[in-house]
Amino acid sequence: MEPDLHELLRSLRVWDPQVTDLPAFDPAAAPAEPLPLFTRWFAEVVAAGQAEPHTMSLATADAHGLPDVRIVMLHGADDDGWSFATHAHSRKGGHLAARPYAALAFYWPVLGRQVRVRGPVAAAPAEEARADLRARSTGALAAALTGRQSEALGSPEDLARASEAAWEQARHAPDTPAPSWTLYRLRADEVEFFQGEARRRHVRLRYRRGTKGWVRESLWP
């Protein structure tokens, strides 16, 4: 018998107090810029045991304005922006070439937190993409060298052969370049921090980039 989706959904609860801590968040005490608060929250969810806190949803749109979203990994965040990487010829790479604007979303249920970021996206210089890839694992390089991301796959055997060759190359020549591998940076125009609250009085703090720096404002939940 197939599971009943609606019954399963009704059985679930958000932020079970046995596994979730909902800390207080005072927007008035938040820093003037979003990056220090993001770094603080990231460190806190890591300390709280959040699984894979560096994964994030990346939303893009194609040339016709149709949206798409997928999970990617955060490679860094600094004054130049929030960074992630992919092949330039992948679906998301094509979207960003046509419409260089994107949104990110982090969800950290262990503390009932979300962070949303959106803004224009630009490719980093090629040497920075190469340095980023060299700093990653052998598996990451093998995946990059396998290539053909988002293309139609003829058979699992085709993937196995390409992957084995890429792993061999990555093990024996870790400096092998992956020419289409691109490091992208999203320069935030807007960053929102969401802290869940048990009585649904959630705290939302939005930073908007203004002509004279960041503007902070609280939002209704």
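Anything mentioned here points back to the structure above.
Please read all numbers here as calculations on a predicted model, not as lab measurements. (Residues numbered from 1 in each chain as written. Predicted model: local features only at pLDDT ≥ 70, side-chain atom pairs only at ≥ 80, totals over all residues. Heavy atoms only, no water.)

1. Considering the packing of aromatic side chains
In this structure the tally under the stated criterion is twelve aromatic pairs. Seen from their ring centres, Trp15 and Phe194 are 6.4 Å apart, and the 40° between their planes marks the pair as tilted. Highlighted residues: Trp15 in the loop between α1 (5-11) and α2 (34-47) and Phe194 in strand β8 (residues 190-195), separated in sequence by 179 residues. Neither residue differs from the other here; Trp15 and Phe194 are each classed as buried. With 5.1 Å between their ring centres and 75° between their planes, Phe25 and Trp41 make a pair best called edge-to-face. (Phe/Tyr/Trp six-rings, centres within 6.5 Å; stacked < 30°, edge-to-face > 60°. Helix = DSSP H or I, 4+ residues; strand = E, 2+ residues; numbered from the N terminus. Buried < 20%, exposed > 50% of the residue type's maximum accessible area, 1.4 Å probe, protein only.)

2. Looking at the nonpolar core
Trp82, Val115 and Phe193 are the most contacted members of the largest nonpolar core, which has 31 residues in total. Elements with a minimum of two residues in this core: α2, β1 (55-61), β4 (81-87), β5 (101-108), β6 (113-123), β7 (181-186), β8 and β9 (203-210). Counting residues per element, this core draws most heavily on α2, at five residues. The next biggest cluster of nonpolar side chains, apart from the first, holds twelve residues, and it includes Leu141, Ala166, Ala170 and Ala178. (Core = buried A, V, L, I, M, F, W, Y, C linked by side-chain atoms within 4.5 Å.)

3. Details of a nonpolar patch on the surface
On the surface, a cluster of nonpolar side chains totalling about 320 Å² of accessible area is made up of Leu5, Leu9 and Leu12. For Leu9, the location among the structural elements is in helix α1. On the accessibility criterion, Leu9 (49% relative accessible area) is partly exposed. (Patch = residues over 30% accessible without salt bridge, like charges linked within 9 Å, V, L, I, M, F, W, Y side chains within 5 Å. Areas by Shrake-Rupley, 256 points an atom, 1.4 Å probe, with all protein chains shown as cover. Salt bridge = Lys/Arg side-chain N within 4 Å of Asp/Glu carboxyl O.)

4. Details of a negative patch on the surface
A contiguous patch of negative charge, built from Glu33, Asp78, Asp79 and Asp80, is present on the exposed surface. Relative to the helices and strands, Asp78 resides in strand β3 (residues 76-78). The partly exposed category is assigned to Asp78, whose relative accessible area is 36%. (Lys, Arg positive; Asp, Glu negative; His and termini not counted. Charge placed at Lys NZ, Arg CZ, Asp CG, Glu CD.)

5. Examining the environment of Arg209
Tracing the backbone shows Arg209 in strand β9. What makes Arg209 partly exposed here is its relative accessible area of 33%. In this structure, Arg209 is in contact with Arg187, Ala188, Asp189 and Trp214, ignoring residues within four places of it in sequence. Among the polar contacts listed, one links the side chain of Arg209 to the backbone oxygen of Ala188, at a separation of 2.9 Å. (Contact = heavy atoms within 4.5 Å. Polar contact = N/O pair within 3.5 Å; in protein donor to acceptor, adjacent residues only side chain to side chain.)

6. Points about the packing of helix α5 (residues 138-146) against helix α6 (residues 156-172)
Between α5 and α6, whose axes approach to 8 Å, the crossing angle comes to 130°. Of the possible angle classes, the one that applies to α5 and α6 is oblique. Crossing of α5 against α6: the hand is right-handed. Along its contact with α5, which presents Thr138, Gly139, Leu141, Ala142, Leu145 and Thr146, the element α6 presents Leu159, Ala162, Ser163, Ala166, Trp167, Gln169, Ala170 and Arg171. Residue composition of the contact of α5 with α6, by class: eight nonpolar, five polar and one charged. (Axes fitted to C-alpha atoms, helices over the stretch in contact; angles between N-to-C directions. Parallel < 35°, antiparallel > 145°, perpendicular 65-115°, else oblique. Left-handed = near helix turned anticlockwise from the far one by under 90°. Nonpolar A, V, L, I, M, F, W, Y, C, P; charged D, E, K, R; others polar.)

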